[in-house]
Amino acid sequence: MDSDTPHPETAGHARNAAAFAVHVFTACGAACALLALFAAVKSQWTLMFFWLGIALFIDGVDGTFARRLQVAKLLPRWSGDVLDLVVDILNYVFVPAYAWAASGLLPRSVAIPLGTLIVVTSSLYFADKLMKTSDYYFRGFPALWNVAAFYLFIFEPQAWIGAAIVAALAALTFVPFHVVHPMRIAHLRAITTVALVVWALLAILAVANNLNPPLWADAGLLVLAIYFVAVGFLRRHHP
C-alpha cells in the first residue's frame, strides 16, 4: 500500500468521526434552545429570536451534511430522525410557546391555555408518521411556532387577534393541506430558494433592528409568508 494512502481502518474512523460531528452539530440546536429560553425568561425577545434563528440555520443545513456523509449508514446506533425531532420541538414549539404565553401579546386570561394548546397539538403533530408527503411537503400547519411568534412580535396585532391566530394555527395542524419544505422542494426549487434567502436576510434585518424593521421589510416578510403558503397549493400531484 502506498505510504501516502490512508489505512482503511484510519479512513473508516475519520468517516465515522465526521458523521458523528453532524449529530453534534444538530444537537447544538438544543443548546440554542436553552440560550433562547434564558433570554425569553428575561424578556429579551430580540436575543431569543437570535438564538432561535441560529437553531433554524442549523436545522436547515444539517440534513444536507447528513446525507452527503451517509450518517445513517455509518452510525446506525444513533437516530438522526429522533435527534432532529427532539431539537425541533424545543426550538419550534417549547421556547416559542413560552414566548407566546409570557410576552403580554396575548390576553392574559388565555395566554397560558393557548401556550398549552401549542405544545399539546405540536407534540401530536411530531408523532404523526404521515406529517410529510413522499415529495417532502408537510401535511397541515407544521408547528412553525417560532416563525409565527416572529411575525407576532414584529406586527403586534391586537391581543385577541393574536389569540385567534394561535387557535387557528393549532386547528390547522390537523387539516390535510400542504406546506412547502423550502430546503427539500423539487417543484419551483429555484424560486423558493431565492425566496428563502430573501426571507432570511429580512429576518436578520428585523432582529438587527430590535424587531422593528423598516416598513418595506415588513411588507417583504408578509409577501414572502404568502408565497410560502401559496406554493403548497401549487404542489403537483404526487402519489
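Residues numbered from 1 in each chain as written. Predicted model: local features only at pLDDT ≥ 70, side-chain atom pairs only at ≥ 80, totals over all residues. Heavy atoms only, no water.

Focus: the overall build of the protein
Right, so step 1: A count of helices and strands for the protein gives 9 helices and 2 strands.
Right, so step 2: The secondary structure elements of the protein, listed N-terminal to C-terminal, are α-α-α-α-α-β-α-α-β-α-α.
Right, so step 3: The C-alpha radius of gyration computed for the protein amounts to 20 Å, which stays within 12% of the reference 18 Å derived for 239 residues, consistent with globular compactness.
Right, so step 4: Relative to its full complement of 239 residues, the protein shows a buried share of 38%.
Right, so step 5: By sequence separation, contacts in the protein at least 24 residues apart represent 78% of the contacts at least 6 residues apart.
Right, so step 6: Carbon and sulfur atoms make up 70% of the accessible area of the protein, which totals about 13400 Å². (Helix = DSSP H or I, 4+ residues; strand = E, 2+ residues; numbered from the N terminus. Rg over C-alpha atoms; globule rule 2.2 N^0.38 Å. Buried < 20%, exposed > 50% of the residue type's maximum accessible area, 1.4 Å probe, protein only. Contact = heavy atoms within 4.5 Å. Areas by Shrake-Rupley, 256 points an atom, 1.4 Å probe, with all protein chains shown as cover.)

Focus on helix 6 (residues 145–155)
Right, so step 1: Judged by how many residues are buried, helix 6 sits mostly within the fold: 9 of 11 residues are covered.
Right, so step 2: Where helix 6 is buried, its residues contact helix 2 (45–68), helix 4 (80–102), helix 5 (108–127), helix 7 (159–172), helix 8 (189–208) and helix 9 (215–233).
Right, so step 3: The positive-phi residue at the C-terminal boundary of helix 6 is E156, with phi of around 45°.

Details of unusual backbone geometry
Right, so step 1: One non-glycine residue, E156, adopts positive backbone phi at about 45°.
Right, so step 2: Although it is not a glycine, L211 sits at a positive phi angle of roughly 65°.
Right, so step 3: The residue L211 is located in the loop between helix 8 and helix 9 in this model.

What to know about the packing of helix 4 against helix 5
Right, so step 1: Contact geometry of helix 4 with helix 5 gives a least axis separation of 8 Å together with a crossing angle of 165°. Taken together, the axis directions place helix 4 and helix 5 in an arrangement best described as roughly antiparallel. For helix 4 against helix 5, the interelement crossing comes out right-handed. Each of L85, D88, I89, V93, F94, A97, W100 and A101 in helix 4 lies in contact with helix 5, whose residues at this interface are A111, I112, G115, I118, V119, S122, S123 and F126. (Axes fitted to C-alpha atoms, helices over the stretch in contact; angles between N-to-C directions. Parallel < 35°, antiparallel > 145°, perpendicular 65-115°, else oblique. Left-handed = near helix turned anticlockwise from the far one by under 90°.)

Things to note about the packing of aromatic side chains
Right, so step 1: Applying the stated criterion to the full structure yields 14 aromatic pairs.
Right, so step 2: Centre to centre, the rings of F141 and W145 are 5.2 Å apart; their planes meet at 80°, and the pair counts as edge-to-face. There is no split in this pair, since F141 and W145 are both buried.
Right, so step 3: Aromatic side chains F150 and Y151 sit 6.2 Å apart centroid to centroid with 90° between the ring planes, which places their arrangement in the edge-to-face category.
Right, so step 4: By relative accessible area, which is 5% here, F150 ends up buried.
Right, so step 5: Accessibility expressed as a relative area gives 14% for Y151, which makes it buried.
Right, so step 6: Ring pairs connect the aromatic residues W45, F49, F150, Y151, F153, F155 and W199, which therefore count as one cluster. (Phe/Tyr/Trp six-rings, centres within 6.5 Å; stacked < 30°, edge-to-face > 60°.)

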